[in-house]
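The lines below spell out each chain.
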Amino acid sequence: MTRRALVIGGSLGGLLAAHLLRRSGWHAVVFERENDLTGRGVGLGTHPQLIAVLRRAGIDFDATMGMTVAKVVCLDRVGNIVIEQPTARTMSAWSRLYRALRSALPVQEYRLGKKLRRIEQDRDSVTAIFDDGSREHGDLLVGADGIRSAVRQQYLPRAQPIYAGYVAWRAALDEARVPHEAHRQIFELYTFCLPEGEQLLGYPVPSEDGDTTRGRRRYNIVWYRPVDVVALDAMCTDASGRLYSGGIAPALIRSEVTAAVKADAETLLAPQLAEIFRRSDPFFQPIFDLESPALAFGRVALTGDAAFVVRPHVGAGATKAAIDAAVLADSLDRAGADVAGGLSRFESMQLPFGRDMVALSRQQGSYLSAQLKPLAQRRGGELRRDIEALLHAHGSRSDQIGEIVAARGLEAYF
Ligand SMILES: Cc1cc2nc3c(=O)[nH]c(=O)nc-3n(C[C@H](O)[C@H](O)[C@H](O)COP(=O)(O)OP(=O)(O)OC[C@H]3O[C@@H](n4cnc5c(N)ncnc54)[C@H](O)[C@@H]3O)c2cc1C
């Protein structure tokens, strides 16, 4: 008899897990709390393991899915290139991958508006109970419900995201709206700008509907800025005085907050980037990371951001979710009827892998986190940046992830 997998969370992690489980013979159904996820998301880094898992899920990562950037540069405050290096990064867009993964799943197997409330399980089955009172039964439940996971909250209430001490301002501008000079100088490049204590990256990505043709792409900016917890609370408070402590929805960010960051852009950033930023509708996300001490609970597993949150410097949120999905499907395959045994194997592989990925991302973000410490307490790389090394680390990110994959014995999956 076909076994049934309940996948909680319908973003990239849940979709990848559902596809791979289906390919292993499971009847996988995805339950997503939102009514619509389209129109969200901006640029997203890719690595070879993500592309390999997409292929395994039946999705070819073709030229419409990403933009390969050949050169990384750093601009100074007046807009001159101070360093340039070759690079080989492929940048995609969350919405492009989401559309490809979702449209490849039968409509009836992707259920929107289903918010998980809690889980019950016994020796033979697992039951998901949703906010609307409905119940779904299965042989396996995959918690792919992101950083504030309800699944993790039930089994590991003490594992909470940790604020890194800075936010990422994110902005995307249609290529047609990028000023001509800025377009000529930087559109095709991966561009860093490094105001004291801060870090900005800009690069081209496919358009929202996946167009990578010249003139129809988008320019994506990620600007990391240290913010202490008191100031963060003020930024995360909407015009009615309500505080959204884990992060505020873009539409609720007060206009004064956005006006202030646009004013700062004029004084701190290279003019090409300031101009693009000024023309966009920026929003911010507080940066968190998270480590779960366990990933398997009987017939229930945590994957993707529900399990470990890697700070975005590594550009590997989707890649990590893909690697989790591949190891999960294979571990269950090997275990046959023993679902809990398969999940234990998955846990033994993915706990050390997740820890290594979080450690790499913390190391890459240490200069930014240290900005909230008194100067006298900062050490080495917390005090000053080696720009050449920063650009080089960026260019060799896929190698660093490859090394972790190899060290954790996961190479055979890709
Ligand atoms: C709308 C959206 C846009 C994003 N855009 C980007 C981007 O542009 N760039 C980037 O690098 N990363 C982006 N991310 C994050 C990226 O998807 C993840 O870091 C990574 O791919 C791992 O994904 P995940 O599926 O594990 O977690 P997430 O992507 O966080 O997805 C978790 C999903 O679970 C759902 N969910 C949460 N609680 C429940 C519940 N109780 N019941 C049912 N469903 C629930 C959420 O609505 C969400 O869709 C985005 C995530 C989302 C949801």
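Since the model is a prediction, treat every value here as computed from it, not as a measurement. (Residues numbered from 1 in each chain as written. Predicted model: local features only at pLDDT ≥ 70, side-chain atom pairs only at ≥ 80, totals over all residues. Heavy atoms only, no water.)

Secondary-structure assignment places Glu 84 in strand β5 (residues 81-93). Sequence spacing of Glu 84 and Arg 117 is 33 residues, and the spatial spacing of their C-alpha atoms is 50 Å. When neighbours within four sequence positions are excluded, Glu 84 is seen to be in contact with Lys 71, Val 72 and Val 73. Here the side chain of Glu 84 touches Lys 71 through a polar contact of 3.3 Å, side chain to side chain. (Helix = DSSP H or I, 4+ residues; strand = E, 2+ residues; numbered from the N terminus. Contact = heavy atoms within 4.5 Å. Polar contact = N/O pair within 3.5 Å; in protein donor to acceptor, adjacent residues only side chain to side chain.)

Turning to the layout of surface pockets, a few remarks are in order. By volume, the second largest pocket is sized at about 250 Å³. The set of elements that each furnish at least two residues to the lining of the second largest pocket consists of α11 (339-364), α12 (366-370) and α13 (387-395). It is α13 that contributes the most residues to the lining of the second largest pocket, 3 residues altogether. A per-class count over the lining of the second largest pocket returns 4 nonpolar, 5 polar and 3 charged. (1 Å grid on protein atoms, 1.4 Å probe; cavity = no way out; pocket = protein on both sides within 12 Å on 5 of 7 lines; lining within 4 Å. Points joined across faces, edges and corners; volume = space filled by probe spheres on them. Nonpolar A, V, L, I, M, F, W, Y, C, P; charged D, E, K, R; others polar.)

Further remarks concern helix α2 (residues 48-56). All buried positions along α2 are accounted for by Gln 49, Leu 50, Ile 51, Val 53 and Leu 54. Where α2 is buried, its residues meet α1 (12-23), β3 (43-45), α3 (94-103), α10 (317-335) and α14 (397-407). Where α2 terminates, the next one or two residues include Gly 58, which has phi positive at roughly 90 degrees. (Buried < 20%, exposed > 50% of the residue type's maximum accessible area, 1.4 Å probe, protein only.)

Let us now look at the site of the ligand. As a structural note, the neighbourhood of the ligand is formed by 30 residues, with Ser 11, Gly 13, Glu 32, Val 42 and Asp 305 the closest of them. In this structure, Ser 11 approaches the ligand through a side-chain N or O atom, which is 2.6 Å from an oxygen atom. Measuring from an oxygen atom of the ligand, one finds a side-chain N or O atom of Asp 305 at 2.8 Å. For the ligand, whose free accessible area comes to 910 Å², the fraction covered by protein is 85%. For the shell around the ligand, the secondary structure elements donating two or more residues are α1, β3, α9 (304-307) and α10. Partitioned by chemical class, the residues of the shell around the ligand number 12 nonpolar, 9 polar and 9 charged. (Near = heavy atom within 4 Å. Areas by Shrake-Rupley, 256 points an atom, 1.4 Å probe, with all protein chains shown as cover.)

Right, let's get into the sheet that holds β3. Taken together, 9 strands build an open sheet; the order of strands is β3-β5-β4-β12-β13-β14-β11-β15-β18 and the sheet is mixed. Among the strands making up the open sheet, the edge pair consists of β3 and β18 (308-309). When strand β4 (residues 67-75) meets β5, the two strands line up antiparallel, connected through 8 bridges. Bridge pairing in β5 places Thr 68 opposite Thr 90. (Pairing = 2+ DSSP bridges.)

Below, the discussion takes up the pattern of salt bridges. All chains considered together, the criterion is met by 28 salt bridges. Across the salt bridge formed by Arg 217 and Glu 175, the nearest N and O atoms sit 2.6 Å from each other. One end of the pair, Arg 217, is in the loop between β13 (199-205) and β14 (218-226); the other, Glu 175, is in the loop between β11 (162-174) and α5 (180-186), and 42 residues separate them in sequence. Since its relative accessible area comes to 6%, Arg 217 is described here as buried. For Glu 175, a relative accessible area of 5% gives the class buried. Here Glu 275 ties to Arg 279 by a salt bridge, and the two come within 3.4 Å at their closest N and O atoms. A residue pair is termed a helical-turn pair when its members lie 3 or 4 positions apart in one helix, as Glu 275 and Arg 279 do in helix α8 (residues 271-279) at 4 residues. For Arg 279, a relative accessible area of 33% translates into the label partly exposed. Because the salt bridges share partners, they merge into one network encompassing Glu 175, Glu 188, Arg 214 and Arg 217. (Salt bridge = Lys/Arg side-chain N within 4 Å of Asp/Glu carboxyl O.)

Taken across its 9 residues, strand β15 (residues 283-291) has 7 buried, putting it largely inside the fold. Relative to β15, β11 runs antiparallel, the two sharing 6 bridges. Within β15, the residue paired with Ala 168 across the bridge is Gln 285. Of the strand pairs in this sheet, β15 and β18 are connected by 2 bridges, and their pairing is antiparallel. Within the sheet, the bridge partner assigned to Glu 291 lies in β18 and is Phe 308.

Within a sheet, each strand pairs with its neighbour through backbone hydrogen bonds, oriented either parallel or antiparallel. Spatially, 3 strands are ordered β7-β8-β9 in an open sheet, and the strand pairing comes out antiparallel. Taken across any chain shown, the strands that pair with only one partner, and hence form the sheet edges, are β7 (116-121) and β9 (135-138). If you compare each strand with its neighbour and ignore which way they point, the axes differ by 20 degrees on average. Pairing of β7 with strand β8 (residues 126-130) involves 5 bridges; the strand directions are antiparallel. Across the sheet, residue Leu 116 finds its bridge partner in β8, namely Phe 130. (Axes fitted to C-alpha atoms, helices over the stretch in contact; angles between N-to-C directions.)

On inspection of all chains with the given rule, the structure shows 12 aromatic pairs. Ring geometry for Phe 31 and Phe 130: centres 4.9 Å apart, planes at 40 degrees, overall tilted. Here Phe 31 is found in strand β2 (residues 27-31), whereas its partner Phe 130 is found in strand β8, with 99 residues between them in sequence. When its relative accessible area of 1% is taken as the criterion, Phe 31 is described as buried. Here Phe 130 falls in the buried class, since its relative accessible area comes to 0%. Between Trp 94 and Tyr 98 the ring centres are 4.8 Å apart and the planes differ by 10 degrees, which places this aromatic pair in the stacked class. Of this pair, Trp 94 and Tyr 98 are both found in helix α3, 4 residues apart, which corresponds to roughly one turn of the helix. (Phe/Tyr/Trp six-rings, centres within 6.5 Å; stacked < 30°, edge-to-face > 60°.)

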